[in-house]
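Working through the structure, step by step
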Amino acid sequence: MAEELLNIHTRFLEKMNSRCKLSSVGLKHPFPERPLRALGFLKIDGAVYETDRFLRVMVLTTQVLSTSRCSRSIFLGPRPDFHLPIFSSENILMGGKRAFLVDIHTTVCSRRWGEVAIEDRLLAIRGRYEDLMGEPLTMKGPINTIMSPAYCYVKVQPEMDARALSLFNEYLDVFLELVEQAAPVAGESRQEAAVDFENYHQTIMNHDPAVKLYSMLFGKAGGTERVNDLFFAR
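Attention here is on the structure that accompanies the text.

The rules we used
- Residues numbered from 1 in each chain as written.
- Predicted model: local features only at pLDDT ≥ 70, side-chain atom pairs only at ≥ 80, totals over all residues.
- Heavy atoms only, no water.
- Helix = DSSP H or I, 4+ residues; strand = E, 2+ residues; numbered from the N terminus.
- Rg over C-alpha atoms; globule rule 2.2 N^0.38 Å.
- Contact = heavy atoms within 4.5 Å.
- Areas by Shrake-Rupley, 256 points an atom, 1.4 Å probe, with all protein chains shown as cover.
- Core = buried A, V, L, I, M, F, W, Y, C linked by side-chain atoms within 4.5 Å.
- Buried < 20%, exposed > 50% of the residue type's maximum accessible area, 1.4 Å probe, protein only.
- Pairing = 2+ DSSP bridges.
- Phe/Tyr/Trp six-rings, centres within 6.5 Å; stacked < 30°, edge-to-face > 60°.
- Axes fitted to C-alpha atoms, helices over the stretch in contact; angles between N-to-C directions.

1. A word on the overall build of the chain
Across its full length, the chain holds six helices and seven strands. The linear arrangement of helices and strands in the chain, starting from the amino end, is α-β-β-β-β-β-β-α-α-β-α-α-α. For a compact globule of 234 residues, the expected C-alpha radius of gyration is about 17 Å, and the chain comes in at 17 Å, within 12% of that figure. If you line up the chain on its principal axes, its C-alpha atoms span 50 × 45 × 35 Å. Here the analysis covers contacts within the chain between residues at least 6 apart in sequence; of these, 62% occur between residues at least 24 apart. As displayed, the chain offers around 11200 Å² of accessible surface, 53% of which is attributable to carbon and sulfur atoms.

The structure is reproduced here in structure tokens:
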């Protein structure tokens, strides 16, 4: 299989299945969905799993029907009692508009982010991909508060897909190692973990562009219900 961003879900699930046992999650609104508000031109499809350490392992494709234009989303949310950050990737493949985003969100307080000690490793990885960083993109608004200093968000030409996948996999390896070595926290740290998780939840619900898109496609109540189910098991 060619090293293309179009295949990122296949590569991701191959790695996840080699590292842990994925259990399918039954959704309140099963895939695939074709929102009536999009007049049948948009299809949302994917899969959601859980494990003993992950509350959510999600792959999501949003595709314009009868075309190759799509987005590929990946989300890895550890169970809150591990008090860990969250892995996220978004790949926009809309004809001439191609963008690659990957980050391990700083969804925890600064003290805990320092404890997990991955920022320097991520920055060192990103530093080896200067050729991929030629056309950087920026996030706008309060959603920036959850992005790490090591986030990668760039325009990507097809000939750079293999490099983007390589960086993605290096970030993913760091994250999986972190989760596999973690132990649940207790006492005051557990309370802190719950607060951090809820703060992240509120940031996503109030500021993430995906929530706004889902609200447009399914209405405010329907969009909120879907995002809570997909990302937060609520």
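What follows picks up the thread again.
2. Overview of the nonpolar core
In terms of nonpolar packing, the biggest core is built from 46 residues, with F12, L76, F87, F100, L132 and F168 touching the most fellow members. The greatest single-element share of this core, amounting to eleven residues, is contributed by helix α4 (residues 161–181). When neighbours within four sequence positions are excluded, L76 is seen to be in contact with F12, M16, F54, R56, V57, I86, F87, L172, F175 and L176.

3. Digging into the pairing of strand β4 (residues 70–78)
Counting buried positions over the nine residues of β4 gives nine, a clear majority of the element. Because side chains alternate across β4, one face comprises the buried residues C70, R72, I74, L76 and P78, and the other comprises S71, S73, F75 and G77, equally buried. Sheet topology places strand β3 (residues 54–64) next to β4; nine bridges connect them, and they run antiparallel. In the sheet register, V57 faces β4, and the bridge partner there is L76. Where β3 folds back onto β4 in an antiparallel hairpin, the turn is made up of five residues, including S66, whose phi is positive at roughly 65°. Two elements, β4 and strand β5 (residues 86–94), share seven bridges in a ladder whose sense is antiparallel. Across the sheet, C70 pairs through a bridge with L93, a residue of β5.

4. A short note on the packing of aromatic side chains
The tally for this structure, following the rule as stated, stands at nine aromatic pairs. Residues F12 and F168 carry aromatic rings whose centres are separated by 6.4 Å and whose planes lie at 70° to one another, so their mutual orientation is edge-to-face. Within this pair, whereas F12 is found in helix α1 (residues 8–19), its partner F168 is found in helix α4, the two being separated by 156 residues in sequence. In terms of burial, F12 and F168 fall into one category: buried. Aromatic pair F75 and F231: ring centres 4.8 Å apart, planes at 80°, arrangement edge-to-face. One end of the pair, F75, is in strand β4; the other, F231, is in helix α6 (residues 209–232), with 156 residues separating them in the sequence. Since its relative accessible area comes to 16%, F231 is described here as buried. What links up through ring pairs into an aromatic cluster is the set F12, F54, F87, F168 and F175.

5. Side note on the sheet that holds β4
The strand order across the open sheet formed by seven strands is β1-β2-β3-β4-β5-β6-β7, and the pairing between neighbours is antiparallel. Sheet topology places β1 (23–24) and β7 (152–155) at the edges, where each strand pairs with a single neighbour. Against the sheet, α4 makes contact with β3, β4, β5, β6 (97–105) and β7, and its axis sits at roughly 15° relative to β6, the strand it touches most.

That's the geometry; what it means functionally is another story.
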